[in-house]
Amino acid sequence: MASPLAFPALHASHAGMWIASPDGETRRIGKAEAVAKAAETPMILLNAPLVAQRLGYAELSGLDLLELFAFVHPARFAVPTAKGLASVLGLETAGHDEAIPRFLQAAAAKLIATLTDPSWLEREGAWDAAQALTRLRWPWARVVADQLPKPQVKERWLFSKLPEWEEAPPRTPPRSVQLDRAAVDAQLARLTGSEAEVREGQRAFAETAAHIFDPRRRKGEPNMLLAEAGTGIGKTLGYLAPASLWAQEADGAVWISTYTKALQRQLVGEARRVFPDDAAFRQKVVVRKGRENYLCLLNLEDALQGGFAGRAAILAHLVARWAAFTADGDMIGGDLPGWLTTLFRRNGTTALTDRRGECIYAGCPHYRKCFIERASRSSAQADIVIANHALMMVNAARGREEASRPTRIIFDEGHHLFDAADSTFAAALTGAEMIEIRRWVIGPEGKARGRRRGLSARLADVASYDEEGGLAIDAAREAAEALPGDGWLGRVNEGVPSGPAERMLAAVRATVYARDEGQAESGYGLETEYANLDAPLIEAIADLMKALEALVKPLMVLGQRLEALVEEAPDWLDSAARARIEGAMASLSWRVDTLRGWIALLGRGGGPADPDFVDWLAVDRGEGREYDMGIHRHWLDPTRPVSSVVLKPAHGILTTSATLRSGGDWDTAAARTGAAHLDHEVEHFSAPSPFDYARQAEVLIVTDIQRGDLPALAGAYAALIGASQGGALGLFTAIRRLRSVHARIADRLARDGLPLYAQHVDPMDTGTLVDIFRDDPHASLLGTDALRDGVDVPGHSLRLVIMEQVPWPRPDILHKARRLAGGGMDYDDRIIRSRLAQAFGRLIRKADDHGHFVLLSSATPSRLLTAFPPGTPIHRVTLDEAVRRIKSGLSPATNFGQGSALEIEDEDIPF
């Protein structure tokens, strides 16, 4: 078989296309020739989906260097660019586009040579994987297989290699201790290091945070601290100091909850300062995420044994390579390269995790090696558990892991608690949600493949042992047939719904379109109030209520029979079977609660509104295509259930953020975090950022870009990015405008050596895009909300933030209800100031950072400018002046501060 250098290599960027032949010649080629050669000759590529997009040739395939890297170095991080691979492989970086094709050939040769290196650490399992991939016709398979000698001793298969977790006795309740403040200071000094500068704000924060670990005075009244700690205070080590000290002295666990994956990764790094020894770190610090984030070994086994076909099967084998070397099995934000799954387009990755809550627990042959179960048990014995807001809410709402319920909790990025709660405690009676319940009860229907199992298959032993339980399973299966089945969306759209659920969805769709006020042409989602319903919809709602009640009844009976089974414990119910039954009970309880919520929501149809909730009908659409529809319910104030199920059962709560007050006061912070619903006063702490914003940053409000003028908007982005020579984060409030701007300016920027990447354009996940942006100081990145508050790029790589307009809240039904209850315009202003502050907070992350924040909206009301830190220079300027200022860098020009805009009249911008 030919060596990697015997293949040509193709590189495509917005600046052009280049090809390197096997004999070393590199030349620039046109798009048509590139497509023709890629279609006829196997070529070495870097990120085939990205190259395919730039060529406009969706069917492009070839020898993707990233796939080879994932095989040779599973669970190893690499930025998926030529520069990133050069760094991790120890090769000379390709300096410009023309040199990249030759680099791709050199990188392929280096990876192939690694296969014969005696010191290669990831050799185990490679030969077997290569044989399987050869059968699947993986493009690299023959090259790889020719270099891998067959092992003399049969290698351990993945499922025999993985270690088993061990049961541990229940952890004793933590001791009641009160932290000595001097000890807290000493712990903070140890974590920051003897050479670190003493930060008074950080020390005050640590001492105040220690209060949450004091013994609780009364049940239901946790020690709660709301702390706004400005960027640069060092709040992570500030709360880790008392948290780690309390965990040590009390022998208890502290849960630290975040909102973004970036902060979770940062926390892992900071926690290593607490436990520098690797063995101690693995024992004392555990990262927890929702079950849907982890690889399911049973799903993987099914995929490897024929459950997947084509490219999805190749992905499964590469994931299996990763699974043998991963630290924790986390597929979303862990050590699985974020770019790997996007290489396979429609890849079936979700089928490798437990996204449907169908785990059979101890009934699984891999139960003792399960990544999810290992993380759960490890967290019960850990000192520091790093979780996320979604997991905290879900566990509390569904009563999971009662024995290890967190009692000392730190909510970092606390300004996101409201949004996390809003998602968790909402109800959505939609087609997509109902079909999942149907599949959970019935299992596979028709020609469906995969390991999905219905209740009768998962609880076959119960049905054979307990007649009443078996009858309940049969009754539930029959009742679930009333829910939408495969193809429901097409039937509803064609006007031929089948069954009561689909008839209700069809009536919802008809009502939403009938009440449309001209938004249907936009191609995006439509909604209308759940009020003044017509007769067909009321009738359909009544029929569906009866169907759901007919499903709830046997499920409740089944739950009772499972409880009795566990209590009576027949001879065959060993510990493994008990664990499986208890898992089924938890899953059953969740579904019953969901169905009861749906019934309550349907019961509201045609009746008076519940003042605690906001209900509406919606047709969900994306890019002109309908993908779901139904009835939605959200809490008017979702922090009410947070207060009941998360805060009050705890002993100590710290909620902190750099923008905790969301542009308001402490009452605003209490309202957004659930503290307002506690029966006692909570403590407050505030420390401003230590950064010199007057010297380090400048806010420029561009006054000559007209709203709605897309060519002018694109020209402004190009001019500003060019002035800063990259390093720009562009934030949009609409995906359509983002795509339009990117399409207009990406080529011209690339020709100047300034690569431009974009969410919703480039076929990569957000985390990978941020990694690329961080790694290249000349790159720029366009994105939406996910980038406004989830990016940590300190240093020169981020020196310009551009917002296309004031981030006004979308005036949907839910927002209008909360606006009415929250103070009208003041409510909107708090949200906008919070968003502006979060976006500005991306810019200055360290004491030596400098940069500009540009807002392309002449109609920015002055009252919103208090979102920026005191002392920050704010100027209203033309685009030309903004470009000049950015080119010249920050200068000691007159600092008008926040007063620079106050002389301009506020503009109230109504919906």
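### Details of the packing of helix 10 (residues 200-209) against helix 11 (residues 235-250)
One can describe the packing of helix 10 onto helix 11 by two numbers: an axis separation of 8 Å at closest approach and a directional angle of 35 degrees. As helix 10 packs across helix 11, the resulting crossing turns out to be right-handed. Note on element contacts: helix 11 touches helix 10 through Lys235, Leu237, Gly238, Tyr239 and Pro242, opposite Gln202, Phe205, Ala206 and Ala209.

### Considering the environment of Thr656
Examined against the element boundaries, Thr656 turns out to sit in strand 15 (residues 652-657). Judged by its relative accessible area of 0%, Thr656 falls in the buried class. Between the alpha carbons of Thr656 and Gln560 there is a distance of 42 Å; along the sequence they are 96 residues apart. Once you skip the residues sitting within four places of it in the chain, Thr656 turns out to touch Phe205, Ala227, Ala229, Lys235, Tyr239, Phe411, Asp412, Glu413 and Gly414. A polar contact of 2.9 Å, which involves the side chain of Thr656, links it to the backbone oxygen of Ala227.

### Remarks on the sheet that holds strand 13 (residues 613-622)
Pairing is antiparallel across the open sheet formed by 4 strands, whose spatial order is 11-14-13-12. The sheet is open, and its two borders are formed by strand 11 (427-430) and strand 12 (526-529), each paired with just one other strand. Taken pair by pair, the neighbouring strands of this sheet meet at an average axis angle of 25 degrees, ignoring direction. Pairing between strand 12 and strand 13: 4 bridges, direction antiparallel. Residue pairing in the sheet places Glu529 in a bridge with Trp616 of strand 13.

### A short note on the side chain of Thr511
Relative to the assigned elements, Thr511 resides in helix 25 (residues 499-514). Take Thr511: its relative accessible area is 4%, and that puts it in the buried class. Beyond its immediate chain neighbours, meaning those up to four positions away, Thr511 contacts Thr528, Asp534, Leu537 and Leu617.

### Re the pairing of strand 13
The buried count for strand 13 comes to 8 of 10 residues, which makes it a mostly enclosed element. Sheet analysis places strand 13 next to strand 14 (residues 625-635), joined by 10 bridges and oriented antiparallel. In the strand pairing of strand 14, Ala618 is matched with Gly630. Counting the residues in the hairpin turn of strand 13 and strand 14 gives 2 residues, including Glu623, whose phi is positive at 55 degrees.

### Focus: the nonpolar core
Counting 70 residues, the largest nonpolar core has Leu65, Phe71, Trp140, Val144, Leu295 and Leu300 as its most contacted members. At 10 residues, helix 15 (residues 311-323) tops the list of elements feeding residues into this core. In terms of nonpolar packing, the next biggest core, distinct from the first, is built from 59 residues, Val441, Val512, Leu617 and Met629 among them.

### Looking at the packing of helix 31 (residues 710-724) against helix 32 (residues 735-751)
Where helix 31 meets helix 32, the axes come as close as 9 Å, and the angle between the chain directions of the two elements is 50 degrees. By the angle class used here, helix 31 and helix 32 are oblique. Every pair of crossing elements has a handedness; the one defined by helix 31 and helix 32 is right-handed. Contacts between helix 31 and helix 32 involve Leu710, Pro711, Leu713, Ala714, Tyr717, Ala718, Ile721 and Gly722 from the former and Arg737, Ser740, Val741, Arg744, Ile745, Arg748 and Leu749 from the latter. Its residues placed into classes, the contact of helix 31 with helix 32 shows 10 nonpolar, 2 polar and 3 charged.

### Here's the deal with the pattern of salt bridges
It is possible for side chains of opposite charge to pair when their charged atoms get near one another. Counted by the stated rule, this structure contains 42 salt bridges. Salt-bridge contacts for Asp615 lead to Arg633; the nearest nitrogen and oxygen are separated by 2.9 Å. Pair noted here: Asp615 is in strand 13 and Arg633 is in strand 14, with a separation of 18 residues, a long-range link. Accessibility expressed as a relative area gives 10% for Arg633, which makes it buried. In this structure, Arg884 and Glu881 form a salt bridge, with 2.6 Å as the shortest nitrogen-oxygen distance. Residue Arg884 and its partner Glu881 are both found in helix 37 (residues 879-888); the two are separated by 3 residues, about one turn of the helix. Taking the relative accessible area as the measure of exposure, Glu881 reaches 23% and is therefore partly exposed. Look at the salt bridges and you will find they share partners, linking Glu167, Arg291, Asp354, Glu373 and Arg377 into a network.

### Re the packing of aromatic side chains
Applying the stated criterion to the full structure yields 13 aromatic pairs. With 6.1 Å between their ring centres and 80 degrees between their planes, Phe691 and Tyr693 make a pair best called edge-to-face. There is no split in this pair, since Phe691 and Tyr693 are both buried. The structure contains a cluster of three or more aromatic residues connected by ring pairs, namely Phe691, Tyr693, Phe840, Phe853 and Phe868. When the ring centre of Trp165 is taken as reference, the NZ or CZ atom of Arg368 above it lies at 4.3 Å. Over the ring of Trp165 we find Arg377, and its NZ or CZ is 3.9 Å from the ring centre.

### Things to note about the state of the cysteines
As used in these notes, a disulfide is a covalent bond between sulfur atoms, one from each of two cysteines. For the structure on display, the rule yields 0 disulfides. Unpaired in terms of disulfides, Cys296 finds its nearest cysteine sulfur in Cys364, a separation of 6.2 Å.

### Here's the deal with the side chain of Glu122
Looking at where Glu122 falls in the secondary structure, it is placed in the loop between helix 5 (100-114) and helix 6 (126-135). For Glu122, a relative accessible area of 6% puts it in the buried group. A distance of 3.1 Å separates polar atoms of two side chains, one belonging to Glu122 and the other to Arg76. In this view, Glu122 contacts Val72, His73, Pro74, Arg76, Arg321 and Phe325; residues no more than four positions away in its chain are not counted.

### What to know about the sheet that holds strand 19 (residues 756-758)
Here we have 7 strands laid out as an open sheet, ordered 19-20-18-21-22-17-23, and parallel in their pairing. Both outer strands of the open sheet, strand 19 and strand 23 (874-877), are each paired with one neighbouring strand and no more. Neighbour-to-neighbour, the strand axes of this sheet turn through a mean angle of 20 degrees, independent of strand direction. Of the strand pairs in this sheet, strand 21 (residues 800-803) and strand 22 (residues 851-855) are connected by 4 bridges, and their pairing is parallel. Bridge assignment links Val801 to a residue of strand 22, and that residue is Phe853. Against the sheet, helix 31 engages strand 18 (728-731), strand 19, strand 20 (780-783), strand 21 and strand 22, with an angle of about 175 degrees to strand 21.

### Considering the environment of Asp637
Within the secondary structure, Asp637 sits in the loop between strand 14 and helix 28 (639-647). Residues Asp637 and Glu413, 224 residues apart in the sequence, show an inter-C-alpha distance of 19 Å. Ignoring anything within four residues of it in the chain, the contact list for Asp637 reads Phe418, Ala671 and His677.

Reading guide: rules and limits
Residues numbered from 1 in each chain as written. Predicted model: local features only at pLDDT ≥ 70, side-chain atom pairs only at ≥ 80, totals over all residues. Heavy atoms only, no water. Axes fitted to C-alpha atoms, helices over the stretch in contact; angles between N-to-C directions. Helix = DSSP H or I, 4+ residues; strand = E, 2+ residues; numbered from the N terminus. Left-handed = near helix turned anticlockwise from the far one by under 90°. Contact = heavy atoms within 4.5 Å. Buried < 20%, exposed > 50% of the residue type's maximum accessible area, 1.4 Å probe, protein only. Polar contact = N/O pair within 3.5 Å; in protein donor to acceptor, adjacent residues only side chain to side chain. Pairing = 2+ DSSP bridges. Core = buried A, V, L, I, M, F, W, Y, C linked by side-chain atoms within 4.5 Å. Parallel < 35°, antiparallel > 145°, perpendicular 65-115°, else oblique. Nonpolar A, V, L, I, M, F, W, Y, C, P; charged D, E, K, R; others polar. Salt bridge = Lys/Arg side-chain N within 4 Å of Asp/Glu carboxyl O. Phe/Tyr/Trp six-rings, centres within 6.5 Å; stacked < 30°, edge-to-face > 60°. Lys NZ or Arg CZ within 6 Å of the ring centre and 35° of its normal. Disulfide = S-S within 2.5 Å.

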